[in-house]
Number of protein chains: 2
Amino acid sequence: MSARLNPRPLARVPEPAVPHSRTPRAERKKLRILDAAAEVVARRGYAGATLAEIAAEAGTQAGSIYYHFESREALIEEVMRHGVGLSFAHTRACVERLPRSASPRTRLETAIRAHLEMMLAESGNARATSRLTGQIPPEMWQRVNAVMRAYGAYLDRLIAAAAAAGEIDPAIDRSAFRMLVIGAANWVPEWFRPNGRSSPGQLCDLLVRMAMEGVATRRRSRAAA
Amino acid sequence: MSARLNPRPLARVPEPAVPHSRTPRAERKKLRILDAAAEVVARRGYAGATLAEIAAEAGTQAGSIYYHFESREALIEEVMRHGVGLSFAHTRACVERLPRSASPRTRLETAIRAHLEMMLAESGNARATSRLTGQIPPEMWQRVNAVMRAYGAYLDRLIAAAAAAGEIDPAIDRSAFRMLVIGAANWVPEWFRPNGRSSPGQLCDLLVRMAMEGVATRRRSRAAA
DNA sequence: GTCTATAACCGGATAGAC
DNA sequence: GTCTATCCGGTTATAGAC
């Protein structure tokens, strides 16, 4: 059970077809299992996440999971779908909340910040998603990848708009830029501890700054670059 | 079996105590198993890497691994040690190869580039190392972490020197900066394909540029930031 | 809806032949 | 040094009680 993101209500992510469980009681339980699964996958990775540990985390028994999910694979696929959906929805919501007058650069910066915010707020789902990337079986990857690509394409449009407006260098490899920023953000839950020197907000500032302006000063010492 | 880094000979990483196998024949086999294990761990993660698959990749049988390694855990621990050692050694070698007159900023840029170069050149070992981070059992992590910390401390010194010289903003959280850059680099092997728009060299340029100067232009469109 | 029990399988580790 | 055979523990999935 991970802490939800504090202030802003998130746009609800549409879930794919639910097999059983019409009652709200069962629906809640299913969500709890999903959340527990994300946590365990984040801890143990794809192969290491056992139904027994997921069940314990969700306060139930391994066998009971099969009432809510067809198989272990189906459960994990939904964990991943849910995780990507959370990031996408939060990022899009934050960008769309901006005034129409916001510059493309501001939109892009907002998206980067939003992505990292979600990584920090939903660290179970977020870590699960990045852990699962490159580990799930090919057929599953193919299905989940559709959602991932949609998110990637959304970010790419923001980057392209900033480039078209001349606010970022139009010559950069935009897809590589996107993946470098996402990579930096996705690694954060692995090392960030709230007690450290920076707060989550400051960390978001630093990532945006790195991407946009870098940390270098104008000054150069005498030696050649 | 991963492609070694092309031109530059790497400083040899000192390996910890070798239990059996004095003969050069056995030593080669052991290295081959180590390399195979890195590849399989990169693919399957900590829990998913089976001895059978490692053995197949190394051209031997699961049982035979126990002649060279005490246990699966010992093997994986050495995979990780080896991986971190490769990065550390390569980065340090590249920085030390610079002329004495090189500025702190140049040293730092060289280190960032070197780290990413190694991620690309040794993608099996590199991916294995980042996959293993946060997945290995606590006692193992404690031992391996000593090496990781040494590498981190080395990078921190480079960052601190650049800050002291006024070449990067002394006010930034240096440890967070380091982890963001490392995160961006460590994610690269998951998505980079040599056929894409950028070459490995261009990707290194982009990461260094992001860290140092960012991709933004001076220009700002009318809207407020 | 959830539990317990169990079938079928798989992976790590060891023993002993060669 | 490497192989094959085997033991043991743990994992998914299902059956059936409640």
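Each chain carries its own residue numbering, running from 1 in the direction its sequence is written. Numbering of ligands from 1 and lettering of chains from A proceed in the order in which they are written. Residue-level local features of this predicted model are given only where pLDDT is at least 70; pairs of side-chain atoms are given and counted only at 80 or more, and the full residue set underlies all totals for whole chains, interfaces and linings. With hydrogens and water stripped out, all remaining heavy atoms of the structure feed into the side-chain values.

**Remarks on the packing of aromatic side chains**
Any two aromatic rings considered together are summarised by their centre-to-centre distance and by the angle between their planes. All names here are of chain B. Defined as follows: Centres within 6.5 Å make a pair out of two Phe, Tyr or Trp rings, where for Trp the six-membered ring is used; the pair is then stacked when the planes are under 30 degrees apart, edge-to-face when over 60, and tilted otherwise. By the criteria applied, helices consist of DSSP H or I runs no shorter than four residues and strands consist of E runs no shorter than two, each listed in order from the N terminus. The rule is simple: take the accessible area with a 1.4 Å probe, protein chains only, and divide by the maximum for that residue type; under 20% is buried, over 50% is exposed, in between is partly exposed.
As enumerated under the stated definition, the model contains six aromatic pairs over all chains in all. Taking 5.6 Å as the distance between ring centres and 50° as the angle between the ring planes, the aromatic pair formed by F88 and Y154 counts as tilted. With F88 in helix α4 (residues 72–96) and Y154 in helix α7 (residues 138–164), the pair connects residues that are 66 residues apart, well separated along the chain. Y154 matches F88 in its accessibility class, with the two residues each being buried.

**Some words on the nonpolar core**
Our working definition: Residues belong to one nonpolar core when they are buried, are Ala, Val, Leu, Ile, Met, Phe, Trp, Tyr or Cys, and are joined through side-chain atoms within 4.5 Å. By definition in these notes, contact holds between two residues if any of their heavy atoms fall within 4.5 Å.
Counting residues in each nonpolar core, the largest one holds 78 residues, and the members touching the most others are F177 of chain A together with F177 of chain B. Discounting residues that sit within four places of it in the chain, F177 of chain A has contacts with L108, I159, I172 and A211 of chain A together with L206, M210 and V215 of chain B.

**Observations concerning the protein's contact with DNA strand C**
Rules: In these notes, residues near a molecule or strand are those with any non-hydrogen atom within 4 Å of it. Polar contacts here mean pairs of N or O atoms no more than 3.5 Å apart (in protein, one a potential hydrogen donor and the other a potential acceptor; neighbouring residues in sequence count only if both atoms are side-chain atoms). Classification used: nonpolar for Ala, Val, Leu, Ile, Met, Phe, Trp, Tyr, Cys and Pro, charged for Asp, Glu, Lys and Arg, polar for all others including Gly.
Around DNA strand C, 15 residues are found, and the nearest of them are T23, T60, S64 and H68 of chain A together with Y66 of chain B. Backbone atoms, meaning sugar and phosphate, make up 79% of the atoms of DNA strand C lying within 4 Å of the protein. H68 of chain A has a polar side-chain atom sitting 2.7 Å from a phosphate oxygen of DNA strand C. Here a phosphate oxygen of DNA strand C and a backbone polar atom of R72 of chain B are 2.9 Å apart. Of the residues in the surface near DNA strand C, the class split is five nonpolar, eight polar and two charged.

**Quick notes on the protein's contact with DNA strand D**
In the vicinity of DNA strand D, 15 residues are found, and the nearest of them are Y66 of chain A together with T23, T60, S64 and H68 of chain B. Taking T23 of chain B, its side chain carries an N or O atom lying 2.5 Å from a phosphate oxygen of DNA strand D. In this structure, S64 of chain B approaches DNA strand D through a side-chain N or O atom, which is 2.5 Å from a phosphate oxygen. Mapped onto the surface near DNA strand D, the elements with two or more residues apiece are α1 (24–48) and α3 (65–68) of chain B. Counted by class, the surface near DNA strand D contains five nonpolar, eight polar and two charged residues.

**Some remarks on the environment of I33 of chain B**
All names here are of chain B. Relative to the elements of secondary structure, I33 occurs in helix α1. Overall, the relative accessible area of 1% leaves I33 in the buried class. With 42 residues separating them along the chain, I33 and L75 place their C-alpha atoms 8.7 Å apart. Not counting chain neighbours up to four residues away, the residues in contact with I33 comprise I54, A58, I65, H68, F69 and L75.

**Remarks on the interface of chain A and chain B**
For the record, the criterion: Reported buried area values correspond to the accessible surface (1.4 Å probe) lost by two parts on association, with both partners' losses combined. For this document, the term salt bridge refers to a Lys or Arg side-chain nitrogen within 4 Å of an Asp or Glu carboxyl oxygen.
Counting residues at the interface gives 59 residues for chain A, matched by 59 residues for chain B. The junction of chain A with chain B conceals about 5,100 Å² of combined surface from both sides, 55% of it contributed by carbon and sulfur atoms. Along the contact surface separating chain A from chain B lie two salt bridges. Across the salt bridge formed by D169 of chain A and R209 of chain B, the nearest N and O atoms sit 2.9 Å from each other. Taken together, chain A and chain B are joined by 24 residue pairs in polar contact (both at pLDDT 80 or more). Looking at the side of chain A that touches chain B, the elements that each hand over two or more residues are α1 (24–48), α5 (104–121), α6 (123–132), α8 (174–191) and α9 (200–212) of chain A. If one sorts the elements of the side of chain A that touches chain B by residue count, α8 of chain A sits on top with 13 residues.

**Section: the side chain of H115 of chain A**
All names here are of chain A. Tracing the sequence through the fold places H115 in helix α5. Among the polar contacts made by the side chain of H115, one reaches the side chain of Y151 at a distance of 2.7 Å. Discounting residues that sit within four places of it in the chain, H115 has contacts with S87, T91, Y151, I182, A185 and N186.

**Notes on empty space enclosed by the protein**
Put simply, the rule is: Think of a 1 Å grid over the protein atoms and nothing else: a 1.4 Å probe that fits but is trapped marks a cavity, an open set flanked by protein within 12 Å on at least five of seven lines marks a pocket, and residues with an atom within 4 Å of a point count as lining. Grid points are joined across faces, edges and corners, and a volume is the space filled by probe spheres set on the points.
This structure, assessed with the given rule, holds three cavities of 30 Å³ or more. A volume near 190 Å³ is recorded for the largest cavity. Along the wall of the largest cavity there are 13 residues; nearest its centre are S130, R131 and W187 of chain A together with S130 and W187 of chain B. Of all the elements in the fold, those that place two or more residues in the lining of the largest cavity are α6 and α8 of chain A together with α6 (123–132) and α8 (174–191) of chain B. Residue composition of the lining of the largest cavity, by class: two nonpolar, seven polar and four charged.

**Re the pattern of salt bridges**
Pairing between side chains of opposite charge can happen when the charged atoms of each approach one another. Throughout the structure, instances matching the rule amount to 26 salt bridges over all chains. Its salt-bridge partner being E190 of chain A, residue R131 of chain A comes within 3.3 Å of it at the nearest N-O pair. Of this pair, R131 of chain A sits in helix α6 while E190 of chain A sits in helix α8, placing them 59 residues apart in sequence. Residue classification places E190 of chain A among the buried positions, given a relative accessible area of 16%. Residue R81 of chain B is joined to E77 of chain B by a salt bridge in which the shortest nitrogen-to-oxygen separation is 2.6 Å.

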